[in-house]
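# Descriptive analysis of the structure
The lines below spell out each chain.
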Amino acid sequence: QVQLVESGGGLVQAGGSLRLSCAASGRTFSVYSMGWFRQGSGKEREFVAAITRGSSTLVADSVKGRFTISRDNAKNTVSLQMNSLKPEDTAVYYCSSSRGYFGVAPEAYEYWGQGTQVTVSS
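Residues numbered from 1 in each chain as written. Predicted model: local features only at pLDDT ≥ 70, side-chain atom pairs only at ≥ 80, totals over all residues. Heavy atoms only, no water.

## Some remarks on the nonpolar core
Let me state the cut-off plainly: Residues belong to one nonpolar core when they are buried, are Ala, Val, Leu, Ile, Met, Phe, Trp, Tyr or Cys, and are joined through side-chain atoms within 4.5 Å. We call a residue buried when its accessible area falls under 20% of the maximum for its residue type, exposed when it is over 50%, and partly exposed in between, using a 1.4 Å probe and counting protein chains only. Helix numbering and strand numbering both begin at the N terminus, where a helix is a DSSP run of H or I of at least 4 residues and a strand a DSSP run of E of at least 2. Note on contacts: a residue pair qualifies if any of its non-hydrogen atoms lie within 4.5 Å across the two residues.
By size, the foremost hydrophobic cluster in this structure holds 33 residues, and its most contacted members are Met34, Trp36, Leu80, Met82 and Tyr93. Mapped onto this core, the elements with two or more residues apiece are β3 (18-24), β4 (33-39), β5 (46-51), β7 (67-72), β8 (77-82), β9 (91-98) and β11 (116-121). Per-element accounting of this core gives the leading share, 5 residues, to β5. Among all residues touching leucine 80, those that are not within four sequence positions of it are Leu18, Arg19, Leu20, Trp36, Val48, Ala49, Phe67, Thr68, Ile69 and Tyr93.

Now the structure itself:
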């Protein structure tokens, strides 16, 4: 069992930056792939970025070059650095984990956090 708690969301102007963090419980954090997803109002949940236990990464084209995912296995945390934010990045951002999957499909991730709101004003 893994419990995930996100933090770091908030209101920022377009062009600004935010850093989201996800704290995971459990001793086996290091064996899980971790992902970030987001869901805008009235939209489906979409993939943002993912990272393997060995820190290989996958990033959505819509955020490539602006967002960076990283993890610290010693601290059981995964982070999402978001730069050059745009109004279309406004969404609830969710942290997720999967023991056996690394990819873009949200249904393949086993555990989810409660989400943190990111709002980008124009």
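## Some words on the pairing of β11
The side chains of a regular strand alternate between both faces of the sheet. For clarity, the threshold we go by: A pair of strands is treated as paired once DSSP finds two or more bridges between them.
Burial along β11 is one-sided: Thr116, Val118 and Val120 are buried, while Gln117, Thr119 and Ser121, pointing the other way, are not. Sheet topology note: the β9/β11 ladder contains 3 bridges and is antiparallel. When the bridges of β11 are listed, valine 92 appears paired with glutamine 117.

## What to know about the environment of asparagine 73
Relative to the elements of secondary structure, asparagine 73 occurs in the loop between β7 and β8. The class for asparagine 73 is partly exposed, based on a relative accessible area of 29%. In this structure, the C-alpha to C-alpha distance between asparagine 73 and arginine 19, residues 54 residues apart in sequence, is 18 Å. Excluding anything up to four places from it in sequence, asparagine 73 contacts Phe29, Ser30 and Arg53.

## Observations concerning a nonpolar patch on the surface
To be explicit about the condition: In this scheme, patches are assembled from residues that exceed 30% relative accessible area and form no salt bridge. Like charges are connected within 9 Å, while nonpolar side chains (Val, Leu, Ile, Met, Phe, Trp, Tyr) are connected within 5 Å. Using a 1.4 Å probe, the Shrake-Rupley method yields the accessible areas, and only the shown protein chains count as cover for residues. We count a salt bridge whenever a side-chain nitrogen from Lys or Arg sits within 4 Å of a carboxyl oxygen from Asp or Glu.
On the surface, a nonpolar cluster with roughly 220 Å² of combined accessible area is contributed by Leu58, Phe102 and Val104. A relative accessible area of 45% means that valine 104 is categorised as partly exposed.

## Here we look at unusual backbone geometry
Positive phi outside glycine occurs at asparagine 76, with the angle close to 55°. In this structure, asparagine 76 sits in the loop between β7 and β8. Even without being a glycine, serine 84 presents a positive backbone phi close to 50°. Within the secondary structure, serine 84 sits in the loop between β8 and β9.

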